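Residues per chain, in single letters:
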There are 4 protein chains.
Amino acid sequence: MAFVLGENQYGKAENRIVRIYRDTARHEIKDVNVSTSLRGDFTAAHTAGDQSRVLPTDSQKQTAYAYAKAPGIGAIEDYALLLGRHFVDDVEPVTGARIEVEEFGWRRVGDHDHTFVRTGEEIRRTVVTIDGKGAGPDGEGAGQHAWVVSGFRDLVVLKSTGSQFWGFLEDEYTVLEPTRDRVMATSLVAWWRFGDVDLGSVAYDDVYARAKDLMVTTFAELESLALQQTLHAMGEAVLTAVPEIVEVRFSAPNKHHFVYDLARFGLENPGEVFHADDRPYGLIQASIRRDDAPDSGLAWYTVPGFA
Amino acid sequence: MAFVLGENQYGKAENRIVRIYRDTARHEIKDVNVSTSLRGDFTAAHTAGDQSRVLPTDSQKQTAYAYAKAPGIGAIEDYALLLGRHFVDDVEPVTGARIEVEEFGWRRVGDHDHTFVRTGEEIRRTVVTIDGKGAGPDGEGAGQHAWVVSGFRDLVVLKSTGSQFWGFLEDEYTVLEPTRDRVMATSLVAWWRFGDVDLGSVAYDDVYARAKDLMVTTFAELESLALQQTLHAMGEAVLTAVPEIVEVRFSAPNKHHFVYDLARFGLENPGEVFHADDRPYGLIQASIRRDDAPDSGLAWYTVPGFA
Amino acid sequence: MAFVLGENQYGKAENRIVRIYRDTARHEIKDVNVSTSLRGDFTAAHTAGDQSRVLPTDSQKQTAYAYAKAPGIGAIEDYALLLGRHFVDDVEPVTGARIEVEEFGWRRVGDHDHTFVRTGEEIRRTVVTIDGKGAGPDGEGAGQHAWVVSGFRDLVVLKSTGSQFWGFLEDEYTVLEPTRDRVMATSLVAWWRFGDVDLGSVAYDDVYARAKDLMVTTFAELESLALQQTLHAMGEAVLTAVPEIVEVRFSAPNKHHFVYDLARFGLENPGEVFHADDRPYGLIQASIRRDDAPDSGLAWYTVPGFA
Amino acid sequence: MAFVLGENQYGKAENRIVRIYRDTARHEIKDVNVSTSLRGDFTAAHTAGDQSRVLPTDSQKQTAYAYAKAPGIGAIEDYALLLGRHFVDDVEPVTGARIEVEEFGWRRVGDHDHTFVRTGEEIRRTVVTIDGKGAGPDGEGAGQHAWVVSGFRDLVVLKSTGSQFWGFLEDEYTVLEPTRDRVMATSLVAWWRFGDVDLGSVAYDDVYARAKDLMVTTFAELESLALQQTLHAMGEAVLTAVPEIVEVRFSAPNKHHFVYDLARFGLENPGEVFHADDRPYGLIQASIRRDDAPDSGLAWYTVPGFA
């Protein structure tokens, strides 16, 4: 009877880094949550406790903070790519890395130079996966490949009409009534995969703004026959307009709003008063991609929230 | 040895009600979390299980939903006052009520008629306390009194400079270094008490907007020597400009941002890279009131978050 | 128009301290969450930012950790009393203190000397309030008074029968059906106040074990006509058997378990399959005390969770 | 430019089902959280909103509750297998299913017949994946395959000595000091995969008890040189003693306990007083399997928490 070490990685999770740019009186703020994981042949650490090839998670943490100073944090994807490539290229036993960055948004108080209010809409994030040692300044050397998946979580959208649900399959457990008018709401998780582009020169912030806007606008404008249909149209809109993106994935809880029975009290309720229920909830998970999208490789391997 | 029933109240907590106004194609949304509690002489229920004077919590729930239809939900304070007065005036054994309402904000997608994105900044709330049976249409009859306390939670504000902390008392456990420039951040809980005004005709939404704006603006503009000082100035600004308010209370965690030590890696860090720590945190709780404020009575009796 | 500084206190919240006793090979563990707040005349800090009378929250933190070493942490009430009295007696401007300690339970792995599993039942806690400068070794000098309130949160108990609910008051919003057999479940918050005893020599751990046991046993054994009745009987059992305690308070969410309608599928469901709902929930808050209990003074002033 | 529907599934998440067995006066309780997802060719729903092949998530919910009555809930793995096979075998368009069940533990109050306290240690869970239509009573027909992965989350274990960390790789960002004695603590997520056994006749409850016990005991007894080594030994112990299991996976946050600096106050602190930090934390993810383990197929495809 023999046992084999299987998949493994290790790192430092949830480094809560705040970077202030204060070169002028008008400050800028970047507020991120950084998690790093390293891969390689660490068999001896697992089987014998031998740490000689293991860079401590504490060192990974120090590096994340140091990189927040220089090169600094612009688009989170660029920061994650540089941090990940550093680990793979500069630490001998490391052959792969996974860098996840979440970003919390802030807006200025009025137009104040150095005071900010945290915005609570969606939380932006990226997962960058590096595989193989690099060579050359672009980091895409001999055997190295990098994948960037970006998106957001917790974007809560609701439409108070313009959503239907009928014509569904019925079995012996089906008691749901069809409806031509319902509230549709979700707390959206979205991810998009970048294709065979030069990852070092993508305008990530701009892509983010456009992708989010297309999703929300499509959600608003489509008369929906199903959440599946809405998500598919949202993905299609992004793929149509954003050439850098080759695949989109959604995980969308159907946050149920039940029409409350007020007839018992002599009150009509034509879609006006709802109970917003917590659990259970429908959960729709779907993806859409270009038919010529490159193979996804390790891109989705460790993306949380899609399963 | 004799025992006495002490303070008690009972109700239905966290009714998650969504009210859509759809009289025209341009919908409006109110999204609230309603908790009701009733008081009175319910001794027999406690000592003998006799429910004959106890209106079930389920009935309280039904009422909260019915009142969301009519009279409907405008300012949460008005809804809470009407709901609370109904319980006290219309249910014989009830002599007091506590109604808490939280409101979650939404903004339109662009200018769309019926699609909304939930905003995640602060959560607005009110606690209305009614004591004594009313008489007459204004509800302020013989022995009835009503108190309204309003405010918000989870407003996260940060200033990246303009905050100092020095000159403090030192004892044998003091190791903190004084500083003339630090990040100051808090997740603000604010409450304000309304005075002897006609509670049925206050422009609560307008008061809310002005109070929040004054707080945030003062936070931004004051060069701070202590969070205490900043809070006091914020309260003063509100009391000065909003005559309906007679008292302001704050509970403000000092969300610590520690300058990260990068000198070990040959990097200067003049207030640029911070670790945002979770726990422990400073916690400043303070209040300010007009010197001629009427007695607070039961106003603060069940306000959460200030202790 | 003049404004007055109102109630205020400040401190360091949620110091997560773990204390290991390792004098022998058989270790002991205490795992606590400590929050301190100080009171006194700190007007200048609020009105002018003058810190000269303000002991920093950081110093309070250091003290909490130092006291975890010596005198150490036995019963959390003793630790809190000593820590609170230190602040009031040894720091000149401080005239009052509030110390809250939560304790997380651990059990040994088997009978292992130094390995533990965290138990997840209830979380024990205490709030100690000190008012006035002390004199003499017992800390109850001239004008000093101390109050100790102890209890727990998150004790989830359920009985699958032996609970009824009928005979209640009905109004026009009442649609609830009476029942002679239902599931009763709550996530119990309990607090008990100690009376005029020598607080320095109470066997707090023993009181805790007895009070919790009496509450749970009474919950189990009483055929319940209402959660109010059950809580009252639980408090009565404690007051009867534990002379150190003079008052008990409960905050008990009624965690609803709804019988699921399976008749639609040709299945009988005589109290076998339930939906455990999240929100809304009933909330019963009640207290019971000895008729000769001493005045509660500041005991309940800052006890969280009862409102 | 053509787009393709990619991976997708849909279902009802977090059905909170409580099942009471009350055939005798001595009741039994099963408390579970059930999430179902279905797969198949649902292209028309995504591209055109055509629901004719879509069994509503509401029907999935009804089925989960009906199955809680009959066949009932014994081991969660058996319940999940039966529920999943029902969807795949009895609903025409469904060709695959994912059933996740979490189970919350309860203990009796003393030896009471129908009153229980919820235990808060780990939460047990399983993810069952079914692929392909079945035939015959054992459900493993023509093209059907089933995978069962079981485990737990939130088991918090700590050893106060018997853990070392030294001899690690150092780079320019390494400032960590090696140690021969530290606290090691984790909130363990464990999963184990069942091999080519008759899944309908595994004694899942017994396997669970043995696997958990072996893990915890090994954690206690091994003098640890690294969390990786401890996890590997834990997996090895399970694979050695439990033949039904062919692979084990762990996700283990290293919950850091930092020795608190008390020397500043003239106090020695030889591993007695610690600050338990929240974030960041080390995160070790590792797996171990038999060298002749069958291919994992879809077993790990949607297992949360390992990434």
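Scoring rules and cut-offs
Residues numbered from 1 in each chain as written. Chains lettered and ligands numbered in written order. Predicted model: local features only at pLDDT ≥ 70, side-chain atom pairs only at ≥ 80, totals over all residues. Least-squares fit on C-alpha atoms with pLDDT ≥ 70 in both. Contact = placed C-beta atoms within 7 Å. Axes fitted to C-alpha atoms, helices over the stretch in contact; angles between N-to-C directions. Helix = DSSP H or I, 4+ residues; strand = E, 2+ residues; numbered from the N terminus. Parallel < 35°, antiparallel > 145°, perpendicular 65-115°, else oblique. Left-handed = near helix turned anticlockwise from the far one by under 90°. Nonpolar A, V, L, I, M, F, W, Y, C, P; charged D, E, K, R; others polar. Pairing = 2+ DSSP bridges. Expected span 1.5 Å × (residues − 1). Buried ≥ 20, exposed ≤ 12 C-beta atoms within 10 Å, placed from the backbone. pLDDT = per-residue confidence, 0-100. Domains from an automatic or database assignment.

### Details of the relation of the copies chain D and chain C
(1) Moving on: For the pair chain D and chain C, the superposition axis carries a translation of 0.0 Å, the fit reaches an RMSD of 0.0 Å, and the rotation angle comes to 180°. Classification of the inter-copy transformation places it as that of a two-fold axis. Judged by C-alpha distance, Gly120(D) is the residue of chain D that lies nearest the rotation axis, at 1.8 Å.
(2) Moving on: When the interface residues of chain D are mapped onto chain C, 100% of them are again interface residues, pointing to one common binding face.

### Considerations on the packing of helix 2 (residues 57-69) of chain C against helix 3 (residues 76-90) of chain C
Residues and elements named next belong to chain C.
(1) Moving on: It is the contact of helix 2 with helix 3, at a shortest axis distance of 11 Å, that shows an interaxial angle of 135°. In terms of orientation, helix 2 and helix 3 fall into the oblique class. Crossing geometry of helix 2 relative to helix 3 is assigned as right-handed. Taking contact as the criterion, the partners of Thr 63, Ala 64 and Tyr 67 in helix 2 are, on helix 3, Tyr 79, Leu 82, Leu 83 and His 86.
(2) Moving on: Looking at the contact of helix 2 with helix 3, its residues break down into five nonpolar, two polar and no charged.

### Structural notes on the interface of chain A and chain D
(1) Moving on: Every contact between the two is made by 70 residues of chain A and, on the other side, 70 residues of chain D.
(2) Moving on: Elements that contribute at least two residues to the side of chain A that touches chain D include exactly strand 1 (3-5), strand 2 (9-21), helix 1 (43-48), helix 2 (57-69), helix 5 (227-241), strand 10 (245-254) and strand 13 (281-290) of chain A.
(3) Moving on: No other element matches the 10 residues that strand 13 of chain A contributes to the side of chain A that touches chain D.
(4) Moving on: For the side of chain A that touches chain D, the residue count by class is 32 nonpolar, 24 polar and 14 charged.
(5) Moving on: Summarising the sheet, strand 2 of chain A and strand 13 (residues 281-290) of chain D pair through five bridges and their orientation is antiparallel. Bridge pairing in strand 13 of chain D links Ala13(A) to Tyr281(D).

### With respect to the interface of chain D and chain C
(1) Moving on: With 48 residues of chain D at the interface, the matching set in chain C holds 48 residues.
(2) Moving on: Elements with a contribution of two residues or more to the side of chain D that touches chain C: strand 2 (9-21), helix 2 (57-69), strand 6 (115-118), strand 8 (145-159), helix 4 (204-221) and strand 12 (273-276) of chain D.
(3) Moving on: Of the residues contributing to the side of chain D that touches chain C, the split by class is 25 nonpolar, 15 polar and eight charged.
(4) Moving on: Where strand 2 (residues 9-21) of chain C and strand 12 of chain D come together, three bridges link them in antiparallel fashion. Each residue of the ladder has a partner; that of Arg19(C), found in strand 12 of chain D, is Val273(D).

### A word on helix 5 (residues 227-241) of chain B
All names here are of chain B.
(1) Moving on: Given a rise of 1.5 Å per residue, 15 residues ought to cover 21 Å, and the 21 Å separating the end C-alpha atoms of helix 5 matches this to within 8%.
(2) Moving on: Of all the 15 residues making up helix 5, 12 are buried; the element is thus mostly covered by neighbouring parts of the structure.
(3) Moving on: For helix 5, the set of buried residues is Leu 227, Gln 228, Gln 229, Thr 230, Leu 231, His 232, Ala 233, Met 234, Gly 235, Ala 237, Val 238 and Leu 239.

### Remarks on the confidence of the model for chain A
(1) Moving on: Across chain A, the average pLDDT comes to 96, with 96% of residues at 70 or higher.
(2) Moving on: What the predictor reports for the complex is a pTM of 0.97 with an ipTM of 0.96.

### Quick notes on the domain arrangement of chain A
Residues and elements named next belong to chain A.
(1) Moving on: For chain A, the assigned domains are domain 1 (10-143) and domain 2 (150-307).
(2) Moving on: With 15 residues of domain 1 in contact, the opposing surface of domain 2 contributes 16 residues.
(3) Moving on: Elements with a minimum of two residues in the side of domain 1 that touches domain 2: helix 3 (76-90) and strand 7 (123-131).
(4) Moving on: At seven residues, the largest contribution of residues to the side of domain 1 that touches domain 2 is made by strand 7.
(5) Moving on: Here the side of domain 1 that touches domain 2 is built from residues that sort into four nonpolar, two polar and nine charged.

### A closer look at the relation of the copies chain A and chain D
(1) Moving on: Superposing chain A onto chain D takes a rotation of 180° combined with a translation of 0.0 Å along the rotation axis, leaving an RMSD of 0.0 Å.
(2) Moving on: The residues that chain A uses at the interface reappear at the interface of chain D in 99% of cases, marking a shared surface.

### A short note on the pairing of strand 10 (residues 245-254) of chain B
Residue and element names in this part refer to chain B.
(1) Moving on: Across the 10 residues of strand 10, 10 count as buried, placing the element largely inside the fold.
(2) Moving on: Note that strand 9 (residues 184-194) and strand 10 share seven bridges and pair antiparallel. Counted as the bridge partner of Trp 192 is Val 248 from strand 10.
(3) Moving on: In the sheet, strand 10 pairs with strand 13 (residues 281-290) via eight bridges, with the strands oriented antiparallel. Across the sheet, residue Ala 252 finds its bridge partner in strand 13, namely Ile 284.

### Quick notes on unusual backbone geometry
(1) Moving on: The amide bond that connects Ala70(A) to the next residue, Pro71(A), takes the cis arrangement and shows omega of 10°.
(2) Moving on: Between Arg279(A) and the following residue, Pro280(A), the backbone shows a cis peptide bond with an omega angle of -10°.
(3) Moving on: When you line up the elements, Pro280(A) lands in the loop between strand 12 (273-276) and strand 13.
(4) Moving on: Notably, Asp154(B) is not glycine yet its phi reads approximately 70°, a positive angle.
(5) Moving on: Within the secondary structure layout, Asp154(B) lies in strand 8 (residues 145-159).

### Notes on the pairing of strand 6 (residues 115-118) of chain C
(1) Moving on: Of the two faces of strand 6 of chain C, both are covered, the one formed by Thr115(C) and Val117(C) as well as the one formed by Phe116(C) and Arg118(C).
(2) Moving on: Strand direction decides the pairing type here: strand 5 (residues 106-108) of chain C and strand 6 of chain C, joined by three bridges, are antiparallel. Note on strand 6 of chain C: the bridge partner recorded for Trp106(C) is Arg118(C).
(3) Moving on: Between strand 5 of chain C and strand 6 of chain C, which pair antiparallel in sequence order, lie six residues; one of them, Gly110(C), sits at a positive phi of approximately 55°.
(4) Moving on: Pairing analysis gives three bridges linking strand 6 of chain C to strand 8 of chain D, with the strands arranged antiparallel. The partner of Val117(C) across the bridge, within strand 8 of chain D, is Val157(D).

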